[in-house]
Amino acid sequence: MENTKIVKLKTTQLPKMLADLTHSNQFLKVFTLASLVLTILMLFAVIFMATKEPTVITLNVDGKNLERTLLPKAEDQIREGIKKYLEKRYQWEPENVIKKLKESEEFITPTSLKAFQSAVSNVAKFSVEKIVSQKVYPEKIEIDLKKQTALITGDRVTSIQGLKAAGNLKLELTFENGQRTKENPWGLYISKEREE
């Protein structure tokens, strides 16, 4: 028995590797589940933030907060456009009558422009020859959105060679909405005028 050999038994590595693999699979499963929960929470946070109304702080030129206002009514915008039209079309002096009537063409529909130009050319010629000036003072502007008409009542003062005459102004304008321009920011276009 002299030759006794010591034999070391080696345990096979397979069971240990399987145990390690099973342990790491459990870790991966937990990590995957935690990632899924975190992704779902992030998705809900993104949806909440995307549907929330943004906070907008508006400041004027001197750094003060501007208050939110309601949109103006259509009647008010049309009324302001008509006042500007009346200022250009019906308030002039012999020196600026041609310029003012030319500026009022910005408020005329393209289909009515030729008739308007022929009508106001006589007015301009008469004003320059006879030294006529005119001013209107509208008191009431009634807007009918369904019929697209405006009824203007007020006073008209006409001066012919220095002699002034006052009269009533009763004017009905038929209007259309159109493209807004720098000269006509209201997009108001007159298609027909009727004076009484």
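Refer to the structure presented above.
Everything numeric here is computed off the predicted structure, so don't read it as measured data.

The rules behind these values
- Residues numbered from 1 in each chain as written.
- Predicted model: local features only at pLDDT ≥ 70, side-chain atom pairs only at ≥ 80, totals over all residues.
- Heavy atoms only, no water.
- Helix = DSSP H or I, 4+ residues; strand = E, 2+ residues; numbered from the N terminus.
- Expected span 1.5 Å × (residues − 1).
- Buried < 20%, exposed > 50% of the residue type's maximum accessible area, 1.4 Å probe, protein only.
- Arc of directions from axis to C-beta.
- Patch = residues over 30% accessible without salt bridge, like charges linked within 9 Å, V, L, I, M, F, W, Y side chains within 5 Å.
- Areas by Shrake-Rupley, 256 points an atom, 1.4 Å probe, with all protein chains shown as cover.
- Salt bridge = Lys/Arg side-chain N within 4 Å of Asp/Glu carboxyl O.
- Phe/Tyr/Trp six-rings, centres within 6.5 Å; stacked < 30°, edge-to-face > 60°.
- Lys NZ or Arg CZ within 6 Å of the ring centre and 35° of its normal.

A. Representation of helix H4 (residues 113-130). If you check H4, its first and last C-alpha atoms are 26 Å apart, about what 18 residues at 1.5 Å a residue would give, namely 26 Å. Turning to H4, its buried residues are Phe116, Val120, Ala124 and Ser127. Projection of H4 onto a plane perpendicular to its axis shows the buried side chains occupying an angular sector of 65 degrees, all on one side. Those residues of H4 that are exposed and angled more than 90 degrees off the buried face are Lys114, Ala115, Asn122, Lys125 and Glu129.

B. How the structure looks around a nonpolar patch on the surface. Among the surface-exposed residues, Leu33, Leu36, Val37, Ile40, Leu41, Leu43, Phe44 and Ile47 lie close enough to one another that they form a single nonpolar patch of about 790 Å² accessible area. With respect to the secondary-structure elements, isoleucine 47 resides in helix H1 (residues 13-51).

C. Geometry of unusual backbone geometry. One non-glycine residue, glutamine 148, lies in positive phi territory at about 55 degrees. Relative to the assigned elements, glutamine 148 resides in the loop between strand S1 (132-144) and strand S2 (149-160). The backbone phi angle of glutamine 161 is positive, close to 50 degrees, even though this residue is not glycine. Counting through the fold element by element, glutamine 161 comes out in the loop between S2 and strand S3 (163-177).

D. Expanded view of the packing of aromatic side chains. Summed over the entire model, instances satisfying the criterion amount to 2 aromatic pairs. Taken together, the ring pairs in this structure connect Tyr85, Phe107 and Trp186 into an aromatic cluster. In this structure, arginine 89 is placed above the aromatic ring of tyrosine 90, and the distance from its NZ or CZ to the ring centre is 4.6 Å.

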